[in-house]
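Coordinate inspection notes
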Amino acid sequence: MKTTPMPRLNTTPIPSTSNVALQRRTSAGRRSSIISWANMTALRRSVRHYVTGDSPGISEWVDRQSNDLSVVLRFFESVLRTFGALIFVNNVWSGVLFLLACMIHNQFSTLLGLLGIGVAYAVGILMNVPPDRLRNGVATFNGFMVASFVAANAEPFHGVVWNPWLLFPALFFSIISTLIKIALHSVLQHVKLPALNLPFSITTLCFLASQGSTVTPLFPADLFSHPQLANSSTQTYAGSEIARAVFFSISNIYGCDNVTSVCLAWIAVFIASPLLFTMCLLGSCTGTGIAVVLGVAARELATGMWSFNSLLVCGSVGGFFYVWNPFSCALAIFAAAFACVIAGTLYHVLGPVSLPYQALPLFLTDAIFLLALAAYKSRWFVRVEFSEIRYPEHHRRAHLERLKVKNAAAPASSNGNVSNGNHIHVA
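The structure presented is a predicted model; accordingly, all values stated were derived computationally and were not measured.

1. Points about helix α16 (residues 326-350)
- Over its 25 residues, α16 runs 36 Å from end to end, which matches the ideal 36 Å to within 8%, given 1.5 Å per residue.
- Residue N325 occupies the N-cap position of α16, its side-chain oxygen lying 2.9 Å from the main-chain nitrogen of F327.

Below, the structure written as structure tokens:
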């Protein structure tokens, strides 16, 4: 009798409803995590493009507008970027915070400074200054500084702070500072040196020296309070005075000596570049420390006027003109200390004739270090070309990408396994 084989049973376990739901939730969670990661990446790119760094997305949006509207928007963009140019920041949103900080402190000097920006912008157009230099505020910030200085140091005329007579000296010296800026740039570009705020220092020194001790209806005999040195053997400093000196050093750049304005200024620098913020803070600490060693009077130390040049020098050398690395960071701190020493030297030279040293230590220090490193190119310090200057984080990223490309294309040794030992780069 022929037997029929029994059919084979399917032994594959049938997934339960709970297991299917668990698998679905797991796959959905993986998809959501992938989507959230992609969203975070896109958000970081958008923030970097429109908010932080030099906010290139804003310039691209302005360029997409109609011709007439684009011209007007470019001017307002230049105004906002001008405020940041004083501290090596090229960011629209940071410019808004700097403008707000100045308005909180002194509305009249800020409005007169805005007029100085407009005058410098017009002079730049007449002198055929490249549009990018006008747009990023490099060619106009000296006009702002001069006009603000004239307004901030004037005495009320018959009790009126908003004195229309100040328009004439503000306009005149804003034009002069812009012309000096153009002249210095045409000379210094051959040795790859920036004019920085040297036009402002020259203009204000001429303005003050031309008056001498003459008292005018608009300006007092002593327009500024210059630093005072004390006997270091008897001078003592409270911790609050040293902390205030570090914090308020940025106030001397914008002429804002209230806490709200100073906080806004520091936040504006951090938004544009956290690396620049860090270097500026290190420079302020370094300048304050050197001022303590020099025995500066505690009252003058607390204002931050002895450390603001060190702040600017440390920010410029440590990431702006040179790619940031441990060597350029150490060099920036050393340069910041030297800037404070130059400030003390200029005090003794210019103090007897009642003239301030302004931002001369910044230019002199940067010039010395930039020229010294340019004489003999060192592989430890990578200079950023003027045409490629943006902000410190971008400089470092671009340098690292160039190193990757160069190392990938580097010729291998004869055995094909060992790279050429002469290619040494500092990241």
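2. Remarks on the nonpolar core
- I87, F98, I250, I253, Y254, L311 and L312 are the most contacted members of the largest nonpolar core, which has 81 residues in total.
- Sort the elements by how many residues they give to this core and α16 lands first, with twelve residues.
- Once residues within four sequence positions are removed from consideration, I253 is found in contact with L86, I87, F308, L311 and L312.
- Residues F108, A147, V150 and A154 belong to the second largest nonpolar core, which totals eight residues.

3. Section: the pattern of salt bridges
- Under the criterion given, the structure shown has seven salt bridges.
- A salt bridge links R390 to D54, with the shortest nitrogen-to-oxygen separation between them at 2.7 Å. Placement of R390 in the loop between α17 (360-375) and α18 (392-409) and of D54 in the loop between α1 (17-50) and α2 (56-63) is noted, with a sequence separation of 336 residues between them.
- On the basis of relative accessible area, R390 is assigned to the partly exposed category, the value being 29%.

4. Comments concerning helix α8 (residues 167-188)
- Taking 1.5 Å of rise per residue, the 22 residues of α8 would be expected to cover 32 Å, and the 31 Å separating its terminal C-alpha atoms lies within 8% of that figure.
- Regarding α8, the residues found buried are P169, A170, F173, S174, S177, T178, K181, L184 and L188. Each buried residue of α8 lies within a common arc of 160° when the element is viewed along its axis, so the set occupies one face. Along α8, exposed side chains directed more than 90 degrees from the buried face belong to F168 and V187.
- Summarising the contacts, the buried residues of α8 are in contact with α5 (107-126), α6 (131-135), α7 (141-152), α9 (198-211) and α17.

5. Considering the packing of α7 against α8
- Orientation of α7 relative to α8, taken along the N-to-C sense of each, is 150°, at an axis distance of 8 Å. Between α7 and α8, the angle is such that the two are roughly antiparallel. Between α7 and α8 lies a crossing of right-handed hand. Residue-level contacts link F141, N142, G143, V146, A147 and V150 of α7 to P169, A170, F173, S174, S177 and K181 of α8.
- Looking at the contact of α7 with α8 residue by residue, the classes come out as seven nonpolar, four polar and one charged.

6. Focus: the side chain of S328
- Mapped onto the fold, S328 is located in helix α16.
- Ignoring anything within four residues of it in the chain, the contact list for S328 reads V317, G318, Y322, V323 and F381.

7. Here's the deal with the confidence of the model for the protein chain
- When pLDDT is averaged along the protein chain, the result is 83; 80% of the residues meet or exceed 70.
- By mean pLDDT, the top-scoring element of the protein chain is helix α12 (residues 259-272) (95), and the lowest-scoring one is α1 (65).
- Scored below 50 in pLDDT, residues 418-427 makes 20 contacts in the model with residues more than four places away or belonging to other chains.

8. Side note on a nonpolar patch on the surface
- Among the surface-exposed residues, M40, L43, V47, Y50, V51, W93 and V96 lie close enough to one another that they form a single nonpolar patch of about 580 Å² accessible area.
- Sort the elements by how many residues they give to the nonpolar patch and α1 lands first, with four residues.
- Note on placement: W93 falls in helix α4 (residues 92-105).
- Residue W93 is classed as partly exposed on the basis of its relative accessible area, which comes to 41%.

Procedures and definitions
Residues numbered from 1 in each chain as written. Predicted model: local features only at pLDDT ≥ 70, side-chain atom pairs only at ≥ 80, totals over all residues. Heavy atoms only, no water. Helix = DSSP H or I, 4+ residues; strand = E, 2+ residues; numbered from the N terminus. Expected span 1.5 Å × (residues − 1). Polar contact = N/O pair within 3.5 Å; in protein donor to acceptor, adjacent residues only side chain to side chain. Core = buried A, V, L, I, M, F, W, Y, C linked by side-chain atoms within 4.5 Å. Buried < 20%, exposed > 50% of the residue type's maximum accessible area, 1.4 Å probe, protein only. Contact = heavy atoms within 4.5 Å. Salt bridge = Lys/Arg side-chain N within 4 Å of Asp/Glu carboxyl O. Arc of directions from axis to C-beta. Axes fitted to C-alpha atoms, helices over the stretch in contact; angles between N-to-C directions. Parallel < 35°, antiparallel > 145°, perpendicular 65-115°, else oblique. Left-handed = near helix turned anticlockwise from the far one by under 90°. Nonpolar A, V, L, I, M, F, W, Y, C, P; charged D, E, K, R; others polar. pLDDT = per-residue confidence, 0-100. Patch = residues over 30% accessible without salt bridge, like charges linked within 9 Å, V, L, I, M, F, W, Y side chains within 5 Å. Areas by Shrake-Rupley, 256 points an atom, 1.4 Å probe, with all protein chains shown as cover.

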